[in-house]
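# Commentary on secondary and tertiary structure
Given next are the chains, with one letter for each unit.
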Amino acid sequence: MSNLNKMKIIIIEKALKLDCGKEISNFPLAYETYGNLNEKKDNAILIFHALTGDQYASGINPITKKEGWWNYAVGPGKAFDTDKFFVICANVIGGCMGSYGPGIIDPLTNKPIGTNFPVITINDMVNAQYNLLDYLNIEKLFAVAGGSMGGMQVLQFVSNFPNKARVALPIACTASHSAQNIAFNELGRQAIMSDSNWNEGLYDEKSKNPDKGLAVARMAAHITYLSKQGLQEKFGRNLQERSDLKFGFDADFQIESYLRYQGSVFVDRFDANSYLYITRAMDYFDLTKQFGGNLSKAFKDTKTKFFVISFTSDWLYPTSENKDIVIALNAIGADVGFVEIKTDKGHDSFLLDVPDFLSTIKNYLNTTYSNINERRI
Amino acid sequence: MKEEFKVISKFIEEKSRVLDVGCGDGILMEYLSKNKVVDVRGLEISKEKVKKCLSKGLAVIEGDAENDLKQFPDLSFDYVILSQTLQAFMTPENVIENLLRVGKKVIVTIPNFGHWKVRLDLLLKGEMPVTKNLPYQWYNTPNLHMCTIQDFYNFCNNKRVNIYKSISLNGEKISNITTSNLKYKNLISELGIFLLEK
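Residues numbered from 1 in each chain as written. Chains lettered and ligands numbered in written order. Predicted model: local features only at pLDDT ≥ 70, side-chain atom pairs only at ≥ 80, totals over all residues. Heavy atoms only, no water.

The secondary structure content of chain A amounts to ten helices and 14 strands. Relative to the compact-globule value of 21 Å for 377 residues, chain A shows a C-alpha radius of gyration of 21 Å, a close match. The principal-axis extents of the C-alpha atoms in chain A amount to approximately 70 × 55 × 40 Å. In chain A, which comprises 377 residues, the share counted as buried stands at 57%. Across chain A, the fraction of contacts at a sequence separation of at least 24, relative to all contacts at a separation of at least 6, is 70%. (Helix = DSSP H or I, 4+ residues; strand = E, 2+ residues; numbered from the N terminus. Rg over C-alpha atoms; globule rule 2.2 N^0.38 Å. Buried < 20%, exposed > 50% of the residue type's maximum accessible area, 1.4 Å probe, protein only. Contact = heavy atoms within 4.5 Å.)

A separate point is empty space enclosed by the protein. A full pass over the atoms with the stated rule returns one cavity of 30 Å³ or more. Here the residues of the lining of the largest cavity are counted per class, giving five nonpolar, five polar and two charged. (1 Å grid on protein atoms, 1.4 Å probe; cavity = no way out; pocket = protein on both sides within 12 Å on 5 of 7 lines; lining within 4 Å. Points joined across faces, edges and corners; volume = space filled by probe spheres on them. Nonpolar A, V, L, I, M, F, W, Y, C, P; charged D, E, K, R; others polar.)

Residue and element names in this part refer to chain B. Within strand β2 (residues 39-44), five of the six residues are buried, leaving the element largely enclosed by the surrounding structure. Examined bridge by bridge, strand β1 (residues 17-21) and β2 share five bridges and lie parallel to one another. Within the sheet, the bridge partner assigned to V18 lies in β2 and is V40. Running through helix α2 (residues 27-35), the crossover from β1 to the neighbouring parallel element β2 is right-handed. Both β2 and strand β3 (residues 59-62) contribute to a ladder of four bridges, which runs parallel. When the sheet's bridge partners are listed, L43 is paired in β3 with I61. For the crossover from β2 across helix α3 (residues 47-55) to β3, the handedness is right-handed. (Pairing = 2+ DSSP bridges. Right-handed = clockwise from strand over helix to strand, strands pointing away.)

All names here are of chain A. Here the structure, examined in full by the defined rule, presents 27 aromatic pairs over all chains. Seen in terms of ring centroids, F27 and Y100 are 5.9 Å apart; in terms of plane orientation they differ by 45°. Their pairing is tilted. Linking F27 in strand β4 (residues 27-34) with Y100 in the loop between β8 (86-90) and β9 (105-106), this pair joins segments that are 73 residues apart in sequence. Summarising the burial analysis for this pair, F27 and Y100 share the class buried. Look at F85 and Y369: their rings are 5.2 Å apart centre to centre, the planes differ by 85°, and that puts the pair in the edge-to-face class. Highlighted residues: F85 in the loop between β7 (80-81) and β8 and Y369 in helix α10 (residues 355-376), separated in sequence by 284 residues. In terms of burial, F85 and Y369 fall into one category: buried. (Phe/Tyr/Trp six-rings, centres within 6.5 Å; stacked < 30°, edge-to-face > 60°.)

All names here are of chain B. Where helix α1 (residues 3-11) meets α2, the closest approach of the two axes is 11 Å, and the angle between their N-to-C directions is 40°. Overall, the two elements α1 and α2 adopt an arrangement that is oblique. Read as a crossing pair, α1 and α2 show a hand that is right-handed. Here F5, I8 and S9 of α1 lie close against α2, whose contacting residues are I27, L28, Y31 and L32. For the contact of α1 with α2, the per-class residue count stands at six nonpolar, one polar and no charged. (Axes fitted to C-alpha atoms, helices over the stretch in contact; angles between N-to-C directions. Parallel < 35°, antiparallel > 145°, perpendicular 65-115°, else oblique. Left-handed = near helix turned anticlockwise from the far one by under 90°.)

Our focus in this paragraph is the interface of chain A and chain B. Contacts between the two partners involve 25 residues from chain A and, on the opposite side, 18 residues from chain B. Together chain A and chain B conceal approximately 1,700 Å² of surface at their shared face, both sides included; 51% is due to carbon and sulfur atoms. Taken together, the connections running from chain A to chain B amount to three salt bridges. A salt bridge links B:D68 to A:K323; its shortest N-O distance comes to 3.2 Å. Summed over the shared surface of chain A and chain B, the result is twelve residue pairs in polar contact (both at pLDDT 80 or more). Looking at the side of chain A that touches chain B, the elements with two or more residues in it are β13 (305-311), α9 (319-331), β14 (335-341) and α10 of chain A. When its residues are assigned to classes, the side of chain A that touches chain B shows ten nonpolar, nine polar and six charged. (Buried area = accessible area lost by both parts, 1.4 Å probe. Salt bridge = Lys/Arg side-chain N within 4 Å of Asp/Glu carboxyl O. Polar contact = N/O pair within 3.5 Å; in protein donor to acceptor, adjacent residues only side chain to side chain.)

All names here are of chain A. With respect to the helices and strands, the residue G114 is situated in the loop between β10 (111-112) and α1 (122-135). Overall, the relative accessible area of 0% leaves G114 in the buried class. In this structure G114 touches P102, G201, N273 and Y277, once residues within four positions along its chain are discounted.

A separate point is the nonpolar core. A general tendency of soluble globular proteins is for nonpolar side chains to be buried together. A:L141, A:V144, A:F157 and B:F152 are the most contacted members of the largest nonpolar core, which totals 108 residues. When near neighbours in sequence (up to four residues on either side) are disregarded, A:F157 contacts A:L46, A:F48, A:V126, A:Y130, A:L133, A:L141, A:V144, A:K164 and A:A165. The next biggest cluster of nonpolar side chains, apart from the first, holds 64 residues, and it includes A:L169, B:L54, B:I107 and B:L191. (Core = buried A, V, L, I, M, F, W, Y, C linked by side-chain atoms within 4.5 Å.)

Using the criterion set out here, one finds 22 salt bridges over all chains in the structure. The salt bridge partner of A:R189 is A:E186, with a shortest N-O separation of 3.4 Å. Separated by three residues within a single helix, A:R189 and A:E186 lie in helix α3 (residues 179-193), roughly one turn from each other. Judged by its relative accessible area of 32%, A:E186 is partly exposed. Here B:K51 makes a salt bridge to B:E48, at a shortest N to O gap of 3.0 Å. Here B:E48 and B:K51 lie together in helix α3, a separation of three residues that amounts to about one turn.

On to unusual backbone geometry, then. Residues and elements named next belong to chain A. Despite not being glycine, N137 has its phi angle at roughly 65°, a positive value. Within the fold, N137 resides in the loop between α1 and β11 (141-147). Classification of N137 by relative accessible area gives exposed; the value is 51%. In this structure, D301 takes a positive phi of about 65° despite not being glycine. Here D301 shows up in the loop between α8 (287-290) and β13.

Function cannot be inferred from these measures alone, as they are strictly geometric.
Right, dumping it as C-alpha cells:
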C-alpha cells in the first residue's frame, strides 16, 4: 500500500498504561486533519470515529477510494465547517488504518501481532488520542464530537480531561453498553471466530483471512444500524433481478443481495481481529460504573457545553439511553442541550444526509463559536 | 419583545440561574442571557422549537414539564419561568409543586379566563370563548385547565404558596394586582403574571 507513505502517523513514545494492566509505548497513531488551525488555536475540533471508521472522515478516503465516513458532516460549508474549523480525526488504537492494532507487524516474528494484541478500552483509545493534542500544540479544543462508539469516546474524553474542550457533542450513543448491544457484538465475534481461517487470530496476509466470518458479522451488525421501517420502505419484499422466487438459497430478495454486498465490501477494508478488539472495547464501556454507579460524577466540575443528539428510529442506542446522559448532566447543573431528531434511518442516521440533524449541528457550532469569541472581547 | 417578557425579565436579578419551562423559540432566553447575564436553560416539548433554540446555541432540552422536571435537583435554579402553559398540563397542581421544588422563585403567567370578554362570550352567545390569547375552539384546544386570576390566587392561598408580586397585563397596560383591586383586575386583565415562592 503506497498510500501508507502519505499517511499521517505519529509515534507515541510516552508510555500508556492500559486498563488491562499492560503498558505500551512507541506505538503509532494515524490521523488526518481538515481545514486550518487559526492563529489563536481556538478552532480545533477532535472527531472520534465509530466501530468501523477511520481517520478519513471527509473527502475521499485515499486507501479505499470511497467517500470518508462522515463526508456528509465534515467539509467546507458543512456541519463541521472546515472553512472555519480545524478538524482532527485519528484512527483508534485497535483499528486497522495505521494505528497500533492487531494487524501491525511484530518485528520479532515478522507476523501480525494478532490476538497477542492487548484488550483495549474506550478509555485507552481516548488516552492515546490525547497525545495528538500535545503534538499539534493545541491547548484547548473548541469541540469534541462523535456518534455511536465515537460518542462514547466524547463522554470518556470530557470525563478524563474536563477542561480540554469547550463543546461536546455525543451523538446516538450511551454511557453504558447495553446487554442487547453486547449480544449483537458477541454474535459478530462468534461469526469471525468460527471461521476456520481465523485460526485463533493468527492469520496473516499470506494465509487466508476469515472473510466469511467477518462478512457475516458485518451483515448482522448492518441490520442493527437500520430501522424496520427504513428496510421495509427501501426493500420491502422486492426480488433481486428475477421475476419469481427460485426455490433455493440464492439471494432471491433485494435485502439479501444488499446485505451480502455490504459484507463482501467490508472484508476488503477491515481486519477481523480489529473487529474483535473494537467491539470488545465497546462492550466494556460503562462510564456509570467507572464512577461508582453515579454518571453525574463523571462530569463533576465540567465547564463543557454539551449537546446530546438521538434519533427516533435508532433502536441500538435509543433515545432513552441518550437521555440518561442528559439527566446526569442536569443533575449537576451542567450546560446541556438535547434533541431527538425525527428520521426513519435508524442508528445509521448520524452518518447519513439527515438535513435537520446536520443543519442544527452547523448552527449550534457556529453560534457557540462566535458567542465564545464575543464574550472574550 | 412581548410586554409579558419585559415584565418577567424585570423580576429577574442579574447573574442568576434561570430555567425557562416551555421556552418556545428561546426569545426570552436570548434576551435574558444578553441583558441580564444570566445562566439560562430551557425545556421545550416541540422538536421544531428545540432545534431553533439549539441553532442559536441555547442550552435547551427536548422534553415536557410533567415528566422531565424530575431530573432537576431541588432549588437548582434561582428562577423558574412558566409562561402561559400551566393550563395545558394534565396535572397543573403537580407541575407547580415541581417548579417550586426546582426553583427558589417561580414566575408563572396565566391567560385570564376571568377577563370580561371571555365572560361576555359565554353569557351572551352561550358559546365557549375564543379570544386573542385563547384562539382555540373547545374541541381542539390544548388548554385543559383554564383558570382566572382569582382562581390562581385562591390556589396559591390553599397551597400556602407566597405570591410576592402579581402584575396585570391588559394590552400594553401594566399594573399591580393587590388584594383590594383583585376583583377588578380579574375583570380587565388579559394576562396575570405572578412571582411565587414556597
